[in-house]
Amino acid sequence: MGQAMTAAAKVRRRVAPRPWVGAVVVPAGQPEHPGFEGATDGRIGPHAEVVALAAAGDSAKGSTLYVTLEPCSHHGLTPPCADAVINAGVSRVVVALADPDPKVAGQGIDRLRAAGIDVEVGCRADDVARQLAPYLHHRSTGRPFVVLKLASTLDGRTAGPDGTSQWITGDAARTDAHRLRADSDAILVGAGTVRADNPALTVRLPESERSTDDTEPLRVVLGAAPADAALQPCLEVSGDLGVILDDLGARGVLQLMVEGGATVAKAFHEAGLVDRYVLYMAPAIFGGDDALSLFSGKGAPTLGDLWRGRIVDVARVGDDLRLEIEA
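In this report, we go over the structure that sits alongside the text. (Residues numbered from 1 in each chain as written. Predicted model: local features only at pLDDT ≥ 70, side-chain atom pairs only at ≥ 80, totals over all residues. Heavy atoms only, no water.)

**With respect to the pattern of salt bridges**
- Following the criterion strictly, the structure yields 22 salt bridges and no others.
- One salt bridge connects Asp 319 with Arg 316, and the closest N-O pair in it is separated by 3.9 Å.
- Residue Arg 316 is classed as exposed on the basis of its relative accessible area, which comes to 67%.
- Counted as one network, the salt bridges with shared partners bring together Arg 130, Asp 176, Arg 179, Glu 209, Arg 276, Arg 310, Asp 313, Arg 322, Glu 324 and Glu 326. (Salt bridge = Lys/Arg side-chain N within 4 Å of Asp/Glu carboxyl O. Buried < 20%, exposed > 50% of the residue type's maximum accessible area, 1.4 Å probe, protein only.)

Written out as structure tokens, the structure is:
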């Protein structure tokens with residue numbers, strides 16, 4: 001399953017809004033075989049299972065198929081994967097997660113079992129659920145998975161008293177943040193950030209990490225952006241944040257990255273709409289209370305009212321620290 005997850009990770013930026021799925025076929029009686037790999041083929045091509053089965057050829061008969069997400073059982077852009085698995089003569093299927101999409105929702109697993117195939121569900125389910133979190137969230141709620149990206153000093157400040165904010169973190173952290181942009185389908189900032197910083201909101205990665213299949217995220221502005229802003233063309237939105245998320249979800253946005261500024265960060269946080277906080281913390285200290293903080297306005301009035309999450313990942317990125325936090 002780990003091999004299937006690795007295969008899936010390689011195609012994430014080239015398949016959304018489809019799920020990035022990986023599959024591995026292990027021939028019967030050959031547990032040491034490296035396996036025939038497959039992953040979702042672009043935005044309209046075959047699903048991972050079909051790619052892996054094609055690579056296996058006749059070796060698929062009697063084999064075990066490992067796949068990160070339940071094989072589909074309906075006609076969409078491609079024929080049902082469950083039928084392809086059955087027709088290939090696979091004996092056993094190990095699935096990490098059932099697909100919450102109403103068009104699938106256990107029907108693929110039922111179809112395989114009805115055909116006499118041994119199906120195991122739940123292998124490395126937590127790991128795959130984290131890998132597919134944006135897709136699973138979108139299919140369950142209709143809204144994008146919201147990632148709030150923040151950067152601060154050790155004393156929680158994001159800009160100097162004079163408004164200067166570039167750059168708090170180092171090159172490695174900024175490159176890592178661009179990877180987060182590349183993994184997102186849309187990036188949202190407030191109109192104030194557009195006026196103050198005029199960001200382009202494009203993905204800038206090392207040449208070795210780029211692909212001709214990669215696409216730029218949709219640029220979204222909460223408010224109105226000047227006609228000559230660097231991020232034009234963009235989508236301008238306003239009003240209730242929940243309604244905005246519903247609209248972005250309907251547009252096929254699986255992951256929304258919220259980048260700033262402090263007013264927008266506060267609005268999403270206060271509304272309880274952030275699914276994951278990604279904080280880059282630099283080994284720097286302003287040393288006073290006049291620099292700008294991560295969130296604008298008033299915070300929790302007492303210790304008992306603090307928002308508390310759990311740290312799901314910590315990594316050193318260059319000289320900086322990246323924390324990932326979820327509720």
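Here the narrative resumes.
**A look at the pairing of strand E14 (residues 310-317)**
- Summarising the sheet, E14 and strand E15 (residues 320-326) pair through seven bridges and their orientation is antiparallel. Its bridge partner lying in E15, Arg 316 is registered against Leu 321.
- Counted along the chain from E14 to the antiparallel partner E15, the turn is two residues long, and its residue Gly 318 has a positive phi close to 65°. (Pairing = 2+ DSSP bridges. Helix = DSSP H or I, 4+ residues; strand = E, 2+ residues; numbered from the N terminus.)

**Considering the sheet that holds strand E9 (residues 218-222)**
- If you walk across this open sheet you meet the eight strands as E10-E9-E8-E11-E6-E12-E15-E14, and the pairing is mixed. Of all strands in the sheet, those with a lone pairing partner are strand E10 (235-237) and E14, marking the two edges. When strand polarity is set aside, the average angle formed by the axes of neighbouring strands in this sheet is 25°.
- Pairing of strand E8 (residues 186-190) with strand E11 (residues 255-260), which is carried by four bridges, proceeds in the parallel orientation. Directly across from Leu 188, in E11, lies its bridge partner Val 258.
- Lying on the sheet, helix H7 (residues 171-182) is in contact with strand E6 (145-152), E8, E11, strand E12 (276-281), E14 and E15; it crosses E11 at an angle near 140°.
- Relative to E9, helix H9 (residues 241-250) is tilted by about 165°, and along the sheet it contacts E6, E9, E10 and E11. (Axes fitted to C-alpha atoms, helices over the stretch in contact; angles between N-to-C directions. Contact = heavy atoms within 4.5 Å.)

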